[in-house]
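# Reading the structure
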Amino acid sequence: MSKNFYITTPIYYPSGKLHIGHSYTTVAADTSARYKRMQGYDVMFLTGTDEHGQKIEDKAKEKGVTPKEYVDEIVAGIKELWSLLNISYDKFIRTTDDYHVDAVKKIFKKLYESGDIYKGKYEGLYCTPCESFWTESQLVDGKCPDCGREVKPASEEAYFFKLSKYADRLVEYYEAHPEFIQPVSRKNEMINNFIKPGLEDLCVSRTSFTWGVPVDFDPGHIVYVWVDALSNYITAMGYGSEDDSNYQKFWPADIHLVGKEIVRFHTIIWPAMLMALDLPLPKKVYGHGWLLLEGGKMSKSKGNVVAPEVLCERYGVDAIRYYLLREIPFGSDGVFTNEALINRINSDLANDLGNLVARSTAMVNKYFGGSIPKERTATEFDDTIIQLAEGTKQKVEQYLDNLEYSSALTELFKLVSRTNKYIDETAPWTLAKNEADKDKLADVMYVLIEAIRIIAVLLSPFMPATSEAILKQIGACEHCSKWESAAKWGLISGENVTTAAPLFPRIDLEKELAELEAANKPAEALQEKAENIAFLDEISIDEFAKVDLRVAKIKACEPVKKAKKLLKLTLDDGSGKDRIVASGIAQYYTPDQLIGKNIIVVANLKPAVLCGVESCGMILAADTADGVKVIFPEGIPAGAKIR
Ligand code: MSP
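So, a few notes on the structure that sits alongside this text. The model shown is predicted, which means the values in this text are computed figures rather than measured ones.

A contiguous patch of negative charge, built from Glu294, Glu339, Asp508 and Glu510, is present on the exposed surface. One can find Asp508 in the loop between α18 (464-473) and α19 (509-520). With relative accessibility at 48%, the residue Asp508 sits in the partly exposed group.

Encoded structure:
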């Protein structure tokens, strides 16, 4: 019988670009999912987006688009980020998906029919212009915290979930299942800070906006966004739909991985909802710590976010995955600094791991023409390293089973360091000088490559691309690359190693810090620019008239090989002939987002060859704090002149 494993991340708010803090949860979940797959589990790894609510409705209004149009664009960006970070999710749920909306309606109705949801009155202090209820403690100087105007007591009809009814059952459940809330300190926090002071029934409907799942038996009411969002963990598996086979197979989830600020929703509201629905509870909710910046928590409104795309472009995806998992023990908060990141890359990845692979393969190439030798005589240093290598898998597994990613990597890198030390102990360059030591030299090469193989296999869940590159470089067969093979010494036989570029080039700390700071602060840089905008020198109208600006329609669009930043656009410029333009917008748009759109092209620009593409013109775009935005003039025919 196959073993199942169901792990989830929270579903993310598509209210802007995600930052490195968001990537933290997802990279951790991905590592566990990959690990379990390698162990032979049938894995379901769920992530997605939490798309309803007033905030999204407001943002869309600000932008002059529908909420769905607004979220569609951001969700596409989130999926791109996950693909960049090599996130191997099995399912991506959007709370705007029809099947989810239908299932949430059913869940709400079921809870209403069982009496766990009832209609009552929401009472509070109301600000009429803002259409918002506030509590006394939220007011600022007794006035509305948003607009500063008077508020008055008011009440409106709303639905409530009988959360209070479940307080005792929740505590009993926590006590009977000590593994349910992890780390354990969070359990005490839930009991002492939330349950003991008394749980109140929860208002689970809203009438002040419309962007949400409607309560289908009472028009005008929208399901509270957390009830909608938490349900995703079962609706994504088909609960409440015609085909609930995945629900039957995977529920209850093995792990809900969440940031510490939303543990409360996952360990109080969610289990109470499940109890009310008479469904099993998830086996574990793990509340991890935050990735902080020196000034506090990363947040878009504070403008102190770190963009994962920038880091991945500079150091490679696996270096970032490594840093996130290694630097901070998972349950604790930790401060992200560029300096710590670069130091980690230099010390662990460039010096230890990269060097080990580079030195060892170079020696096999130099002394044995690249083929791993068969005739060997053991050295006195072999036993320790063989024992350590064979035992590392078990230790890594123990830590991974407890979501202690940092300790798992520490354990694995002990083997890396020990293997480097083995090179110094055996001094192969000395053995190479003496023909009589040839078989010993052969043994040293074998031990090195075999240790590297084990390291690479165990590295796979954390740094999948690096693991694959190393295994390829040492010519490891499929069987020697499997998870279980990491505890078995002596599987490599007669393979050939190849040469490859260094896995992690060393970084010049000082120089890099300066550049990184600049790259990570586009918003600030732009603001500075705005404060003292330097316009170009005046030109005459005749000079401007020399620029032939035309509307053109994008007929086709594709990435340009070997040029990460370029997209090749095929345009209809009204002339009847296709026009090709290469544009440096690949980081900001996918081809799908562009095909069919109108743009403005500088039609009489001298052609130039960019990465092998002859580009005839340039399209107009603006630099903004959120990156480059192409100008899309809709409703104007291709070829129209802009003046
Ligand atoms: N939509 C809700 C979750 C609903 S789950 C049914 C939400 N979304 S979120 O986009 O704000 O956050 C998603 C996850 O990212 C959360 O687990 C949150 O803790 C995590 N992080 C956001 N910023 C973070 C850091 N700076 N550091 C670590 N994790 C952080 O909450």
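Next up on the list: the environment of Gln248. Tracing the backbone shows Gln248 in helix α9 (residues 245-250). The sequence separation of Gln248 and Ile234 amounts to 14 residues, and the corresponding C-alpha distance is 9.9 Å.

Looking at chain direction, strand β16 (residues 549-560) and strand β19 (residues 598-602) are connected through five bridges and run antiparallel. In the sheet register, Arg550 faces β19, and the bridge partner there is Val601. Inspection of the sheet shows β16 paired to strand β25 (residues 641-642) by two bridges, in the antiparallel sense. Of the residues in β25, the one forming a bridge with Leu549 is Ile642. The pairing of β16 with strand β17 (residues 563-572) spans seven bridges and is classified as antiparallel.

Turning to α18, a few remarks are in order. Those residues of α18 not exposed but buried are Pro464, Thr466, Ser467, Ile470, Leu471 and Gln473. Each element contacted by the buried residues of α18 is listed here: α1 (20-38), α12 (317-327), α13 (338-368) and α17 (438-459). The positive-phi residue at the C-terminal boundary of α18 is Gly475, with phi of around 70 degrees.

One can find Ser360 in helix α13. For Ser360, the contacting residues outside a window of four places in its chain are Asn355, Ile423, Met445, Leu448, Ile449 and Ile452.

The next thing to look at is the site of the ligand. Neighbouring residues of the ligand: 26 residues in total, closest Ile11, Asp50, Gly259, Glu261 and Leu291. Contact between the ligand and Ile11: a nitrogen atom at 2.8 Å from a main-chain N or O atom of the residue. In this structure, Gly259 approaches the ligand through a main-chain N or O atom, which is 2.8 Å from an oxygen atom. Listed by contribution, the elements that provide at least two residues to the shell around the ligand are β1 (4-12), α1, α7 (225-230), α8 (232-235) and β11 (255-259). Per element, the largest residue contribution to the shell around the ligand is four residues, and it comes from α1. Within the shell around the ligand, the residues separate by chemical class into 14 nonpolar, nine polar and three charged.

This part is about the sheet that holds strand β6 (residues 152-161). Spatially, the four strands line up as an open sheet ordered β5-β4-β6-β8, and their pairing is antiparallel. If you trace the sheet from one side to the other, it starts and ends with β5 (132-134) and β8 (202-203), each paired once. As paired strands, strand β4 (residues 117-127) and β5 are joined by three bridges and run antiparallel to one another. Looking at β5, one finds that Tyr126 is bridged to Phe133.

Looking now at the state of the cysteines. For the coordinates displayed, the defined rule picks out zero disulfides. Free cysteine Cys144: the closest other cysteine sulfur is in Cys127, separated by 3.7 Å. Overall, Cys144 belongs to the buried group, its relative accessible area being 2%.

Conventions adopted
- Residues numbered from 1 in each chain as written.
- Predicted model: local features only at pLDDT ≥ 70, side-chain atom pairs only at ≥ 80, totals over all residues.
- Heavy atoms only, no water.
- Patch = residues over 30% accessible without salt bridge, like charges linked within 9 Å, V, L, I, M, F, W, Y side chains within 5 Å.
- Areas by Shrake-Rupley, 256 points an atom, 1.4 Å probe, with all protein chains shown as cover.
- Salt bridge = Lys/Arg side-chain N within 4 Å of Asp/Glu carboxyl O.
- Lys, Arg positive; Asp, Glu negative; His and termini not counted.
- Charge placed at Lys NZ, Arg CZ, Asp CG, Glu CD.
- Helix = DSSP H or I, 4+ residues; strand = E, 2+ residues; numbered from the N terminus.
- Buried < 20%, exposed > 50% of the residue type's maximum accessible area, 1.4 Å probe, protein only.
- Pairing = 2+ DSSP bridges.
- Contact = heavy atoms within 4.5 Å.
- Near = heavy atom within 4 Å.
- Polar contact = N/O pair within 3.5 Å; in protein donor to acceptor, adjacent residues only side chain to side chain.
- Nonpolar A, V, L, I, M, F, W, Y, C, P; charged D, E, K, R; others polar.
- Disulfide = S-S within 2.5 Å.

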